[in-house]
Structure formats: C-alpha cells, structure tokens
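Now for the letters of each chain:
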Amino acid sequence: MIFKRIQEDIDAIFERDPAARSRFEVWLCYSGLHALIVYRIAHGFWRREWFLIARFISQVGRLFTGVEIHPGATIGRRLVIDHGHGLVIGETSEIGENVTLYHGVTLGGIAPSVDSSRQKHTKRHPTLENDVIVGSGAQILGPIVIGNGARVGANAVVTKDVPAGVTATGVPAHVVMPKDRKQAGQFWAYGTPSDGCPDPILASVDGLRGQVSLLMERIEELEGRLQEQAEAAPDTQTDEADGEMRRSVIVGGGKRR
Ligand SMILES: CC(C)(COP(=O)(O)OP(=O)(O)OC[C@H]1O[C@@H](n2cnc3c(N)ncnc32)[C@H](O)[C@@H]1OP(=O)(O)O)[C@@H](O)C(=O)NCCC(=O)NCCS
C-alpha cells in the first residue's frame with residue numbers, strides 16, 4: 001500500500017516538474033518526495049496514537065529536508081512538494097488529491113500564540129481541495145477552504161476562502177481573472193460573475209457596469225423619443241421640445257437612484 005502511494009507520488013512529480021528527467025532522479029534527488037515519505041510513515045504512527053514517536057520521525061524528516069509536515073495533517077494522493085525548503089503544514093491541515101505546493105508555503109493558524117490552550121484540538125489550519133496549486137512563499141492562514149482547482153499566487157497572503165477554479169494573488173490575496181479565462185473551468189463572456197465572489201473591487205466594478213448599461217439604455221430611449229418628436233413637430237417647436245426633454249432626462253436620471 002505505502003509503496004503504491006510512493007510510486008504515485010513519484011509519477012506525480014515526474015508529470016508536474018518539467019525539470020525532472022527520470023523517475024530514478026526524482027527518487028534520489030527530490031527532498032519534497034523524501035519529506036512526503038517521512039510524513040506517510042509518521043502519520044501511520046499518529047493514527048495509532050503513538051504521538052511522540054510520530055513527532056520525532058517528523059522532526060528527523062525536517063532536519064534532512066527542511067520541510068515540516070505535522071504528522072496529524074491529512075494529505076491525499078499525488079501531492080507534489082516542489083523544492084520544498086521552508087514549507088510548513090500545520091496539524092489540522094487537510095489536503096486533497098493532485099495538489100502542488102512550492103517552497104516557503106505555510107498552511108498555518110492565524111494566531112496560534114494567542115489564547116493557544118483554547119485552540120488545542122480545534123480546526124485552525126486550511127483545507128486545500130483537489131488540484132490546487134500554491135505558489136512559493138504563499139501564506140494560507142486559518143481554517144479556510146481553497147476550492148477545487150484554485151491557484152494561489154507566489155507570496156500571497158490568504159486569510160479568506162478562495163472559490164473553486166479561480167486565482168488569488170497579493171497581500172491580502174484577492175481574486176484575479178486568469179489571462180486564459182477557460183482556466184477557471186468556465187468561460188465568462190462578460191467577465192467575472194459577482195455571485196459568491198469574495199473580491200470587493202470586482203464586485204463594485206460589476207455593480208458600476210450594471211449602472212452604466214442602465215444609463216445607456218435610458219439615453220437610447222430618450223434619443224429615440226427626441227428623434228420622433230423632431231420628425232413630428234414643426235421646426236419652431238423643436239427647441240422647446242428639446243429643452244423639455246433635457247429636463248426630463250435630468251429629473252428621470254435623478255429619480256432612478
Ligand atoms: C498565480 C499563478 C499560478 C498564475 O495563475 P493564472 O491563473 O495562470 O494567472 P495569470 O498568469 O493569468 O495572471 C492573472 C493576473 O494575476 C497576476 N499575477 C499572477 N501571479 C501573481 C502573483 N504571484 N502576485 C501578484 N500578481 C500575480 C498577473 O500579472 C495577472 O495580472 P493582470 O491581469 O493584471 O496582467 C502564477 O502567477 C504563480 O504565482 N505561480 C507560482 C509559481 C511558483 O511559485 N513558482 C516557483 C517555482 S520555483
């Protein structure tokens with residue numbers, strides 16, 4: 001069982017790291033893989049409630065790889081830890097399948113040192129669903145959920161849920177549109193839907209866009225009415241009708257708010 005898992009982990013690195021030349025090289029040289037093997041052994045002890053030996057094995061692994069994975073974390077199949085050094089995965093983290101993490105990533109608690117006795121045995125680390133990619137140096141903090149297929153940019157600081165299929169970057173992280181919108185798993189013909197979108201900037205841009213299209217509709221309607229009046233009325237009355245219409249635009253526009 002454990003050998004099958006390790007084989008899968010090696011295959012996953014080979015598939016996802018363009019620098020990997022052979023599976024033997026991956027086996028020999030990838031400290032992310034070594035850290036994962038140590039984790040899988042330590043996690044076995046943790047599940048049997050041999051907590052101290054599990055922690056000890058985990059620390060030995062950290063000494064050699066620079067990757068600290070708490071043995072209590074739950075990690076799915078085919079995780080790739082590329083480069084690895086400085087990566088920390090906290091005790092109550094949960095990681096789905098086919099996840100990729102680069103060096104310097106933290107899956108941590110928000111403020112572990114504050115009132116820490118109350119935080120014991122509570123979920124305080126993130127959950128990464130399947131196919132998530134987390135760039136180097138990203139800090140994902142708190143019991144938040146990074147949805148299926150989401151990407152977290154290098155050096156981002158994430159403290160809120162990231163919906164499935166989107167990219168989050170920056171400090172604090174906010175959702176950005178991928179250049180290739182099909183990457184988000186869905187093609188949005190007119191930009192990002194605001195439903196469930198946690199980014200206030202995108203939400204307000206979406207609101208403004210709605211208001212602009214309402215105003216455009218109203219202008220077109222009034223222009224049509226002006227045109228009709230101009231065609232129907234004699235020349236002498238046009239100026240008067242135009243003035244009346246302008247007043248109606250101003251008053252009508254004001255009432256719409
Ligand atoms: C986030 C990332 C995965 C790209 O995701 P993507 O969905 O393909 O996003 P895009 O490349 O289309 O970029 C979308 C926008 O986010 C910006 N962006 C991308 N990565 C960013 C980052 N880390 N920080 C800030 N902004 C970033 C892009 O400039 C672009 O902005 P624009 O629309 O104003 O031009 C990638 O940029 C990244 O950070 N990968 C980490 C890889 C890594 O750690 N490599 C180390 C290997 S040693």
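Residues numbered from 1 in each chain as written. Predicted model: local features only at pLDDT ≥ 70, side-chain atom pairs only at ≥ 80, totals over all residues.

1. Observations regarding helix α1 (residues 2–16)
- Its 15 residues place the ends of α1 21 Å apart at the C-alpha level, agreeing with the 21 Å of an ideal helix rising 1.5 Å per residue.
- By the burial criterion, the buried members of α1 are Asp 9, Ile 10, Ala 12 and Ile 13. Buried residues in α1, looked at end-on, bunch into an arc of 160°, giving them a common side. Away from the buried face of α1 by more than 90 degrees, exposed residues Phe 3, Lys 4, Gln 7 and Glu 15 are located.
- Buried positions along α1 lie against α2 (23–29), α3 (31–47) and β3 (80–81). (Helix = DSSP H or I, 4+ residues; strand = E, 2+ residues; numbered from the N terminus. Expected span 1.5 Å × (residues − 1). Buried ≥ 20, exposed ≤ 12 C-beta atoms within 10 Å, placed from the backbone. Arc of directions from axis to C-beta. Contact = placed C-beta atoms within 7 Å.)

2. Regarding unusual backbone geometry
- The omega angle of the peptide bond from Val 171 to Pro 172 is -10°, so this bond is cis rather than trans.
- Position of Pro 172 among the secondary structure elements: in the loop between β14 (167–169) and β15 (174–176).
- The phi angle at Asn 98 is positive, at roughly 60°, despite the residue not being glycine.
- Taking the number of C-beta atoms within 10 Å as the measure of exposure, Asn 98 has 19 and is therefore partly exposed.

3. Thoughts on the sheet that holds strand β2 (residues 74–75)
- Across the sheet, which stays open at both edges, the four strands sit in the order β2-β5-β8-β11 with parallel pairing between neighbours. In the strand order of this sheet, the two ends are held by β2 and β11 (145–146), each with one partner.
- Judged from the two bridges that link them, β2 and strand β5 (residues 94–95) form a sheet pairing that is parallel. Within β5, the position partnered with Ile 75 by the bridge is Ile 95. (Pairing = 2+ DSSP bridges.)

4. Some thoughts on helix α4 (residues 51–65)
- Compared with the 21 Å implied by 1.5 Å per residue over 15 residues, the 21 Å span of α4 between its first and last C-alpha is a close match.
- Restricting attention to buried positions, one finds in α4 the residues Ala 54, Ile 57, Ser 58, Gly 61 and Thr 65. On an axial view of α4, the arc spanned by its buried residues comes to 100°, and they lie on one face. Among the exposed residues of α4, those pointing more than 90 degrees away from its buried face are Leu 52, Val 60 and Leu 63.
- Lining the buried residues of α4 we find α3 and β1 (68–69).
- Directly beyond the C-terminal end of α4, a positive phi value near 75° is found at Gly 66.

5. With respect to the packing of α1 against α3
- Between α1 and α3, whose axes approach to 11 Å, the crossing angle comes to 155°. Accordingly, the angle class assigned to the pair α1 and α3 is roughly antiparallel. In this structure, α1 crosses over α3, and the sense of that crossing is right-handed. Between α1 and α3, the contacting residues are Ile 2, Arg 5, Ile 6, Asp 9, Ile 10 and Ile 13 on the first element and Leu 33, Leu 36, Ile 37 and Arg 40 on the second.
- Of the residues belonging to the contact of α1 with α3, the class tally is seven nonpolar, no polar and three charged. (Axes fitted to C-alpha atoms, helices over the stretch in contact; angles between N-to-C directions. Parallel < 35°, antiparallel > 145°, perpendicular 65-115°, else oblique. Left-handed = near helix turned anticlockwise from the far one by under 90°. Nonpolar A, V, L, I, M, F, W, Y, C, P; charged D, E, K, R; others polar.)

6. Quick look at the nonpolar core
- Within the largest apolar cluster, 46 residues are counted, with the highest numbers of intra-cluster contacts made by Ile 81, Val 134, Ile 140, Val 152, Val 158 and Ala 168.
- Mapped onto this core, the elements with two or more residues apiece are α1, α3, α4, β3, β9 (133–134) and β10 (139–141).
- Broken down by element, the residue count for this core peaks at seven residues, all from α3. (Core = buried A, V, L, I, M, F, W, Y, C linked by C-beta atoms within 7 Å.)

7. What about the sheet that holds strand β4 (residues 88–89)?
- Strand order across the open sheet formed by five strands is β1-β4-β7-β10-β13, with parallel pairing between neighbours. Bordering the open sheet on either side are β1 and β13 (157–158), each of which pairs with just one other strand.
- Relative to β10, strand β7 (residues 106–108) is paired through three bridges, and the arrangement is parallel. Within the sheet, the bridge partner assigned to Gly 108 lies in β10 and is Leu 141.

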